[in-house]
Amino acid sequence: MLDLGYVRQNLELVRRKLNDRGVSGLLADFETVDNERRKYLVEAERRKARRNQVSGEIAVLKKQGGDAASLVAEMKLLGAEIDDFDREAAARDQTLRAVLERIPNLPHESVPVGKSAEENVEIRRWGEPRQFEFEPKPHWELGPSLGILDFDRAAKIAGARFAVYAGVGAQLERALANFMLDVHTREHGYTEIFPPFIVNSATLFGTGQLPKFKEDLFKLEGSDYWLIPTAEVPLTNLYAGEVLLEESLPIKLCAWTACFRSEAGSYGKDTRGLIRQHQFQKVELVKLTSPESSYDELESLTRDAGRVLELLGLPYRVVALSTGDLGFSSAKTYDLEVWLPSSEGYREISSCSNCEAFQARRANIRIRRGKGGKTALLHTLNGSGVAIGRTWLAIIENCQESDGSVRVPEVLQPYLGGLQKIIPQTHHL
RNA sequence: GGAGGGAUGGGUGAGUGGUUGAAACCGGCGGUCUUGAAAACCGUUAGCCCCGAAAGGGGCUCGGGGGUUCGAAUCCCUCUCCCUCCGCCA
């Protein structure tokens, strides 16, 4: 959420920046409503001041045994006026809030201006896509033929966009989770958290998923419980409503969770394989930082995520999202894209964002700064470190051999009991 | 699921209709003292919103929402969360 005062004072700048994001019209009657709101507020507050003053006089009068009847009568009338003005002001206030809550974050000045993902800018590459001396298979063929992945039975018990991992397939999923958590906690200094996978709507408001994107979420019937679409939601909101000491920053958290997304509106997109699922697992990185350091922290967070892919030997590139491709809460985002032979291209496997104070304002997360002890909003960042399902399939595809087996990256072997090669499984799947 | 008890500022915790935005203590900050520190003592210390160029003034906020009243931290309704006991349960 943007600051009301900031929007008021920088209306044209805000409009222009939103326009860069492809958003327009949201602030059409902002000025009118804002002025009306203040007009009614002033009228109400002037009368409240009078009422407070007279209430004191009534108290004194009564204590002295005097007659306050005429004053009480006057206050009764005044009270009715206050109600009227309060109602008018509140209506405008609600309108403004509704607008503010739905305005996306403003892009940072370093974000490339563009309409869509087409205008994202490649920042760097790591690794060389492998040249296959045979026709590589996509993971949705390799997985089932190895007996480690089953979409048909998943569809039977749940539906489309679900997967069942079996045997070494299930173990690989678990190995990746442990491996990634170990890298981030032991090498990068993140604190491991295991949060609830279910949160309430206030929490989803805090990180910006609500109220605008509820159709992307799964809601539990008859409750205010929602399945988390990413661990960013519980992790960032861990400190909602709190005032933290500035010395305690940066706070660096990581968590392995399942993530649940309705994927409404993605019909026909990535229907094959593991790329787009209703449930997937992810290790998430979240940082709470001072406003001054958040862009440095974004760089290191992006490197922390990339390190996972480098250790696994998976070629990837980093792209800076253009203004038109930015997520709702983000001021700047780097995507990590891993090389996938089945796509003959790079596909998103991590998204690292600096949300500046956008989420902190919604969730009311502050720090106490300096000696005077003034509070200020901190900055929040998040990034996948990284998506496990997509890593799973990237390994299957990139490390496949001509005989249909898959070479296990060295760093993962200790997590798989020393397994070096995945060969067709003989269990019942 | 049943019965009861709670929620107050950065923290602990007083306060049951009228100068209480809130005692006291702890913590923080500034100062006195000290070579320095500690101790002691003195002072200071909530957030948001509105008017104003500023100085300053005003409003709102005691878990959330609604109500009673001239006036609510205090009374009523409701929701949420926490605690205790009983029941059930991985």
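A.B. asks: Tell me about the overall build of chain A, residues and numbers included.
C.D. replies: Across its full length, chain A holds twelve helices and 17 strands. Nonlocal contacts in chain A, meaning residues at least 24 apart in sequence, comprise 74% of its contacts between residues at least 6 apart. Accessible surface, chain A as shown: approximately 20,600 Å² in total, 49% of it carbon and sulfur.

A.B. asks: Explain the sheet that holds strand E1 (residues 121-126) to me, and be specific about the residues and the numbers.
C.D. replies: Pairing between the strands of a sheet is mediated by backbone hydrogen bonds and can be parallel or antiparallel. Taken together, the eight strands give an open sheet; going across it, the order is E1-E10-E11-E12-E15-E9-E8-E4, and neighbouring strands pair in mixed fashion. In this open sheet, the two edge strands, each paired with only one partner strand, are E1 and strand E4 (191-193). Mean inter-strand twist for the sheet, computed between neighbouring axes without regard to direction, equals 25 degrees. Pairing analysis gives three bridges linking E4 to strand E8 (residues 251-260), with the strands arranged parallel. When the bridges of E8 are listed, Ile193 appears paired with Ala255. Along the sheet, helix H10 (residues 294-312) contacts E1, strand E9 (279-289), strand E10 (316-320), strand E11 (332-340), strand E12 (345-354) and strand E15 (379-387); its crossing angle with E15, the most-contacted strand, is approximately 10 degrees.

A.B. asks: Account for the protein's contact with RNA strand B, naming residues and giving values.
C.D. replies: Neighbouring RNA strand B are 21 residues; Arg8, Arg38, Glu45, Asn52 and Met75 lie closest to it. What you see for RNA strand B is that sugar and phosphate hold 75% of its atoms within 4 Å of the protein. Between RNA strand B and Glu45, the relevant distance is 3.0 Å, taken from a base nitrogen to a side-chain nitrogen or oxygen of the residue. Within the contact set of RNA strand B, a phosphate oxygen lies 3.2 Å away from a side-chain nitrogen or oxygen of Lys76.

A.B. asks: An account of helix H3 (residues 30-63) is needed here, citing residue identities and associated values.
C.D. replies: Over its 34 residues, H3 runs 49 Å from end to end, which matches the ideal 50 Å to within 8%, given 1.5 Å per residue. At the exit of H3 stands Gly65, carrying a positive phi of roughly 80 degrees.

A.B. asks: Lay out the nonpolar core in plain terms, naming residues and giving numbers.
C.D. replies: Ranked by internal contacts, the top residues of the largest apolar core, which has 53 residues, are Leu176, Trp392, Leu412 and Ile422. Of all the elements, helix H7 (residues 168-187) adds the most residues to this core, at nine residues. Excluding residues within four positions of it along the chain, Leu412 makes contact with Leu172, Ala175, Leu176, Phe179, Leu312 and Ile395. Membership of the second largest hydrophobic core comes to 18 residues, among which are Leu2, Ile103, Leu106 and Phe205.

Parameters and conventions
Throughout this description, residue numbers start from 1 for each chain and increase along the sequence as written. Naming scheme: in the order in which they are written, chains are lettered from A and ligands are numbered from 1. In view of the model being predicted, local features appear only for residues whose pLDDT reaches at least 70, and side-chain atom pairs are presented and counted only at 80 or more, with totals across whole chains, interfaces and linings using the full set of residues. For side-chain calculations, the full set of non-hydrogen atoms in the structure is used, while hydrogens and water are omitted. Put simply, DSSP H or I for four residues or longer makes a helix, DSSP E for two residues or longer makes a strand, and each gets a number counted from the N terminus. Contact criterion: two residues are considered in contact whenever any of their non-hydrogen atoms come within 4.5 Å of each other. Here the Shrake-Rupley method, with its probe set to 1.4 Å, supplies the accessible areas, and only the displayed protein chains count as covering residues. Two strands qualify as a pair provided DSSP detects at least 2 bridges between them. Lines fitted to C-alpha atoms define the axes here, with helix axes fitted over just the stretch in contact, and angles between the N-to-C directions of these axes take values from 0 to 180 degrees. Any residue with a non-hydrogen atom lying within 4 Å of a molecule or strand is treated as near it. Any N or O atom pair separated by 3.5 Å or less is treated as a polar contact, with the protein-specific requirement of one donor-capable and one acceptor-capable atom, and with residues adjacent in sequence counted only for side-chain atom pairs. Every helix has an expected span of 1.5 Å times one less than the residues it contains. As used here, the term nonpolar core means buried Ala, Val, Leu, Ile, Met, Phe, Trp, Tyr and Cys residues forming a set that is joined through side-chain atoms within 4.5 Å. Residue burial is assigned from relative accessible area. The probe radius is 1.4 Å, only protein chains are included, and a residue is buried under 20% of its type maximum, exposed over 50%, and partly exposed in between.

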